Amino acid sequence: EAGVTQFPSHSVIEKGQTVTLRCDPISGHDNLYWYRRVMGKEIKFLLHFVKESKQDESGMPNNRFLAERTGGTYSTLKVQPAELEDSGVYFCASSRSTGGTSGSEQYFGPGTRLTVT
Amino acid sequence: GQSLEQPSEVTAVEGAIVQINCTYQTSGFYGLSWYQQHDGGAPTFLSYNALDGLEETGRFSSFLSRSDSYGYLLLQELQMKDSASYFCAVRINTNAGKSTFGDGTTLTVKP
């Protein structure tokens, strides 16, 4: 089966601009997660979708970040306006369920490296 | 808050055995996972422990002690391709699919 894909792989934007990241999860995976890794630190949770619903968005840093998953398939993460501290690698992951081992086995995409200058 | 502690760097030689420890302090605990990441790419799931004890998958094993809030990843017969970053991650509860990750351990395997 095809893995999790993310687009773009890299994005360089200026402070104040808008960027939209896209994630296509593995087909049939209801659960979709966004994570961010900044400056080689921990992979930090941003939010979790179950199908099209936001199950947990406790990790979203502020209202400049907007995530959507219309139709319960792919998801977008928009940053508007971008700030310097938003630079980092944004990972998307998906899982078939949340229970048991299969819920803990999250399949990650290759990430989008965002640089805000 | 949630915190996971793991060493930042570990170095070992080919063919050796290395253990990467992870201690955690979290508001709840459902299971401990380990992920491998090469060169900043997609983290890849390695193992999962929900109960105390050792889980073995080929050259990799993972151990959990819930009473000690501690786990480790054991890599045997190290190969050069095992050079990567290794993350431990805790699921707080079954309803929350999210995982809380440690900072990662960079493993360097030398010939």
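Below is a short write-up of the structure. None of the values given here were measured: they were computed from a predicted structure.

### As for the overall build of chain A
- Check the secondary structure of chain A and you find one helix and eleven strands.
- Of the regular secondary structure in chain A, the N- to C-terminal order runs β-β-β-β-β-β-β-β-β-α-β-β.
- Compactness check: chain A gives a C-alpha radius of gyration of 13 Å against a globular reference of 13 Å for 117 residues, within 12% of the reference.
- Principal-axis analysis of the C-alpha atoms places the extent of chain A at approximately 40 × 25 × 25 Å.
- Taking the intrachain contacts of chain A between residues at least 6 apart in sequence as the baseline, contacts between residues at least 24 apart amount to 54%.

### A short note on the nonpolar core
Residues and elements named next belong to chain B.
- One finds L32, W34, L75, Y86 and L107 to be the most contacted residues of the largest nonpolar core, which totals 23 residues.
- Breaking this core down by element, the ones donating at least two residues are strand 2 (9-13), strand 3 (18-25), strand 4 (31-37), strand 7 (60-65), strand 8 (70-75), strand 9 (84-91) and strand 11 (105-110).
- With residues near it in sequence (within four places) discarded, Y86 still touches Q6, I20, Y35, Q36, L46, F60, L73, L75, G104, T105 and L107.

### A short note on the state of the cysteines
- Here the structure, examined in full by the defined rule, presents two disulfides over all chains.
- A disulfide bridge connects C23 of chain A with C92 of chain A, and the sulfur atoms are separated by 1.8 Å. Its S-S torsion of about -60° marks the bond between C23 of chain A and C92 of chain A as left-handed, since a negative value means left-handed. Of the two residues, C23 of chain A is situated in strand 3 (residues 19-24) and C92 of chain A in strand 9 (residues 88-95); the sequence distance between them amounts to 69 residues. Comparing C23 of chain A with C92 of chain A shows no difference in burial state: the two are buried.
- Here C22 of chain B engages in a disulfide with C88 of chain B; their sulfurs sit 2.2 Å apart. Across the S-S bond linking C22 of chain B and C88 of chain B, the dihedral sits near 75°, which makes this disulfide right-handed. Pair noted here: C22 of chain B is in strand 3 and C88 of chain B is in strand 9, with a separation of 66 residues, a long-range link. As far as the burial class goes, C22 of chain B and C88 of chain B line up, both buried.

### Points about the pairing of strand 3 of chain A
Residues and elements named next belong to chain A.
- Where burial is concerned, the two faces of strand 3 differ: the one with V19, L21 and C23 is buried and the one with T20, R22 and D24 is not.
- Bridging between strand 1 (residues 5-7) and strand 3 involves three bridges; their strand directions are antiparallel. Paired with T5 across the bridge in strand 3 is D24.
- In terms of strand pairing, strand 3 meets strand 8 (residues 75-79) through five bridges, oriented antiparallel. Looking at the pairing, T20 lines up with K78 of strand 8.

### Looking at the pattern of salt bridges
Residues and elements named next belong to chain A.
- A complete count under the given rule lists eight salt bridges over all chains for this structure.
- Measuring nitrogen to oxygen at the nearest pair gives 2.7 Å for the salt bridge that ties D24 to R22.
- The closest approach of N and O atoms between R64 and D86, which form a salt bridge, is 2.6 Å. In this pair, R64 is assigned in the loop between strand 6 (53-56) and strand 7 (65-68) and D86 in the loop between strand 8 and strand 9, connecting sequence segments 22 residues apart.

Definitions and cut-offs
- Residues numbered from 1 in each chain as written.
- Chains lettered and ligands numbered in written order.
- Predicted model: local features only at pLDDT ≥ 70, side-chain atom pairs only at ≥ 80, totals over all residues.
- Heavy atoms only, no water.
- Helix = DSSP H or I, 4+ residues; strand = E, 2+ residues; numbered from the N terminus.
- Rg over C-alpha atoms; globule rule 2.2 N^0.38 Å.
- Contact = heavy atoms within 4.5 Å.
- Core = buried A, V, L, I, M, F, W, Y, C linked by side-chain atoms within 4.5 Å.
- Buried < 20%, exposed > 50% of the residue type's maximum accessible area, 1.4 Å probe, protein only.
- Disulfide = S-S within 2.5 Å.
- Pairing = 2+ DSSP bridges.
- Salt bridge = Lys/Arg side-chain N within 4 Å of Asp/Glu carboxyl O.

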